[in-house]
Amino acid sequence: MHKKSIGLFVGSLRTASYSKKLANAIISMAPDGFDFTIIPIGNLPLYNQDYDDHNQVPEAYTVFREALAQVHGVIFITPEYNRSLPAVLKNALDVGSRPYGKNNWNGRPGMVISCSAGGLSGFGANHHLRQSLVFLNVPVLQQPEVYLANVKDCFDETGALTERSAKFLQKAVDAYVEWFGKIA
Ligand code: FNR
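A quick note: this is a predicted structure, and the numbers were derived from the prediction, not measured. (Residues numbered from 1 in each chain as written. Predicted model: local features only at pLDDT ≥ 70, side-chain atom pairs only at ≥ 80, totals over all residues. Heavy atoms only, no water.)

(A) Seen up close, the packing of aromatic side chains. One pass over the full model with this rule turns up twelve aromatic pairs. Note on Phe9 and Phe64: the rings are 6.2 Å apart at their centroids and 80 degrees apart in plane angle, and the pair reads as edge-to-face. Placement of the pair is Phe9 in strand β1 (residues 4–10) and Phe64 in helix α3 (residues 59–70), with a sequence separation of 55 residues. Taken individually, Phe9 and Phe64 each receive the classification buried, so the pair is uniform in this respect. Between Phe123 and Tyr147, the aromatic rings sit 5.5 Å apart at their centres with planes inclined by 40 degrees, giving tilted as the arrangement. Remark: Tyr147 occurs in strand β5 (residues 146–148) and Phe123 occurs in helix α5 (residues 123–135); sequence separation between them is 24 residues. By the ring-pair criterion, three or more aromatic residues cluster together here, those being Phe9, Phe64, Phe76 and Trp105. (Phe/Tyr/Trp six-rings, centres within 6.5 Å; stacked < 30°, edge-to-face > 60°. Helix = DSSP H or I, 4+ residues; strand = E, 2+ residues; numbered from the N terminus. Buried < 20%, exposed > 50% of the residue type's maximum accessible area, 1.4 Å probe, protein only.)

Here's what the structure looks like:
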């Protein structure tokens, strides 16, 4: 059986990003038959429709769109910036959705994980992201919802996920995989 390939998208470019750490931990939670890989989004120039309209598509767009076309599902791990999703992640949604008529996100089952340094847990980012995913035709796992407040506390002093957080995230990943099997 061919493995199902799931792309992970991280909404923070910061070197010490907790979202990135969560994504790396989630990679190791992929069950047999699944391959989880981070697809980088930090090198994508800001979306400009002229590139597509005038046949001047940046190489980074092409690489990203091809990578997106190869995956069967998508997982977003993002912080909240000013009560919404970070621009870098919205830019990736936009780049992947074009040129007109060629939405590379189309039909790929998704999961959204949000986090925050403080107590808010990225609820605003989580739901603004879901709003765009409706139009991009990415069906999203409804339950469990994953909001991680005080994200620093998800990790122990060695940088590994605490047992409690690992268990919680593994449960969410398992729910995604089971649901993926039903609808993919
Ligand atoms: C933030 N942060 C933040 N947190 C939050 O809960 N709600 C918010 O609206 C915002 N807004 C915001 C804007 C900007 C520009 C920055 C840089 C940060 C704080 C944010 O949760 C914190 O920096 C996280 O640690 C960012 O995630 P990473 O980089 O650790 O993955």
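Next comes the rest of the account.
(B) Expanded view of the sheet that holds β5. Strand order across the open sheet formed by five strands is β2-β1-β3-β4-β5, with parallel pairing between neighbours. Each edge of the sheet is formed by a strand with only one pairing partner; in this case those strands are β2 (34–38) and β5. Adjacent strand axes in the sheet meet at a mean angle of 20 degrees when their direction is disregarded. Sitting on the sheet, α5 touches β3 (73–79), β4 (110–115) and β5, and the angle it makes with β4 is about 155 degrees. (Pairing = 2+ DSSP bridges. Axes fitted to C-alpha atoms, helices over the stretch in contact; angles between N-to-C directions. Contact = heavy atoms within 4.5 Å.)

(C) Up close: the pairing of β3. Counting buried positions over the seven residues of β3 gives seven, a clear majority of the element. Judged by which residues are buried, β3 turns out to be covered on both faces: Gly73, Ile75, Ile77 and Pro79 on one side and Val74, Phe76 and Thr78 on the other are all buried. Pairing between β1 and β3: five bridges, direction parallel. By the bridge assignment, Gly7 is partnered in β3 with Val74. As paired elements, β3 and β4 share six bridges and run parallel to each other. Bridge assignment links Val74 to a residue of β4, and that residue is Gly110. Considered for its hand, the β-α-β crossover made up of β3, helix α4 (residues 87–96) and β4 is right-handed. (Right-handed = clockwise from strand over helix to strand, strands pointing away.)

(D) Examining the nonpolar core more closely. By size, the foremost hydrophobic cluster in this structure holds 29 residues, and its most contacted members are Leu22, Ile26, Phe36, Ile75, Ile113, Leu169 and Tyr176. Mapped by element, the contributors of at least two residues to this core are β1, α1 (18–27), β2, β3, β4, β5 and α6 (163–183). Counting 25 residues, the second largest nonpolar core, distinct from the first, contains Phe9, Tyr61, Phe76 and Val88. (Core = buried A, V, L, I, M, F, W, Y, C linked by side-chain atoms within 4.5 Å.)

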